[in-house]
Amino acid sequence: MSTKEKIKEVACELFADKGFDGTSVRDIAKAADVNVAAINYHFENKMGLYAEVFKSNHQWMADKVHEFSADTSLTISDFAWKMLEFFLDNGNALMNCFKMFLDNDGVQLSAEYCGDEEGNCGPPGQEVFLEFINREVEDSVPLSARHWAMRVIFSQIVHMGIVLNTTYMKKMRESNPLFTEESDEKTIREVVNSIMDRLKDNKGQWQ
C-alpha cells in the first residue's frame, strides 16, 4: 500500500470516529506512522484529505450499489437487505458520508468533492431504489408516490446503518440476544414490503 493510500485509510477511520474537528493532522500522521509533511505533500491540508476520503468512500459505495443492483433476480426487499448488510459491514464509509450532517463541525465540501454531478453528498442508492420500485408497481402509481416510497425505504436503511454502527449498539449486539442479524433482516424486509403494499393497494388514491 502506498503512503497516500495508507494515510487515507487511517484518516477514514479517525474521521468516522471523531469527526473533522475532533481529528488533527498530527493524530492522522501518528496513526499512519508518517510525518505531517507527508500529509501536506499528498493532500495540501486536512480539508484536502477529508475531501479525498469522502470522495473515495462515496465512489466506492456507489460502485458497490450498482454491482448489487445488476442482479435481476433480486426483489426490492432483497436489495434493501443487501444494502443494509453492506452499510453494517462498512461502517466507516457510511459514517464519513454522513458525518457532516451528524456533527456540528460545519464542514462544507464544494460540489466538486460531493458524490455526484448534482452535488449530493449522502450515501448513494436512492436512484437504484426508484428503479426497483418502478419495476414492481404499475404506471398508474404517480411518480411523486414512488419518490415518497424511495425516500422512506432509503431513510430507514441509512438510519439503521448509522445507529447499528455506533459503539453503544455494537456492544449491545455482542451481549443482547434480541439484537441479531435475523432481526435486522426481518425489520428491513417488513418495512419495504409494507411500503410497497401501500403503493400497490392505494394506487388510485395518490395525488
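Residues numbered from 1 in each chain as written. Predicted model: local features only at pLDDT ≥ 70, side-chain atom pairs only at ≥ 80, totals over all residues. Heavy atoms only, no water.

Asker: Looking at this structure, I do not really get the pattern of salt bridges. What am I missing?
Answerer: Oppositely charged side chains can pair when the atoms bearing their charge come close. Applying the stated criterion across every chain, the model contains six salt bridges. The partner of Glu67 in a salt bridge is Lys64, with the nearest N and O atoms 4.0 Å apart. Here Glu67 pairs with Lys64, and both are found in helix α4 (residues 46-69), just three residues apart, close to one helical turn. Residue Lys64 is classed as partly exposed on the basis of its relative accessible area of 25%. For the salt bridge of Asp78 with Arg189, the shortest nitrogen-to-oxygen distance reads 2.8 Å. Residue Asp78 is found in helix α5 (residues 76-89), and its partner Arg189 is found in helix α10 (residues 181-201); the two are separated by 111 residues along the sequence. Since its relative accessible area comes to 22%, Arg189 is described here as partly exposed. Three or more residues joined by partner-sharing salt bridges are found here, namely Asp78, Glu185 and Arg189. (Salt bridge = Lys/Arg side-chain N within 4 Å of Asp/Glu carboxyl O. Helix = DSSP H or I, 4+ residues; strand = E, 2+ residues; numbered from the N terminus. Buried < 20%, exposed > 50% of the residue type's maximum accessible area, 1.4 Å probe, protein only.)

Asker: What exactly am I supposed to notice about the packing of aromatic side chains here?
Answerer: All told, the structure shown has nine aromatic pairs when counted by the stated rule. On the basis of an interplanar angle of 80 degrees and a centroid distance of 5.3 Å, the ring pair of Phe20 and Tyr50 is categorised as edge-to-face. In this pair, Phe20 sits in the loop between α1 (3-18) and α2 (25-32) while Tyr50 sits in helix α4, placing the two residues 30 residues apart along the sequence. The same class applies to Phe20 as to Tyr50, namely buried. (Phe/Tyr/Trp six-rings, centres within 6.5 Å; stacked < 30°, edge-to-face > 60°.)

Asker: Hey, could you run me through the nonpolar core in this one?
Answerer: As a rule of thumb, nonpolar side chains are buried together in soluble globular proteins. Counting residues in hydrophobic clusters, the biggest one holds 39 residues, and the most contacted among them are Phe79, Phe129, Ile133 and Ile157. For this core, the secondary structure elements donating two or more residues are α4, α5, α6 (91-102), α7 (126-136), α8 (143-164) and α10. Element by element, the count of residues in this core is highest for α8, at 10 residues. Excluding anything up to four places from it in sequence, Phe129 contacts Ile76, Phe79, Ala80, Met83, Met150, Ile153, Phe154 and Ile157. Listed in part, the 17 residues of the second largest apolar core include Val10, Cys12, Phe20 and Ala38. (Core = buried A, V, L, I, M, F, W, Y, C linked by side-chain atoms within 4.5 Å. Contact = heavy atoms within 4.5 Å.)

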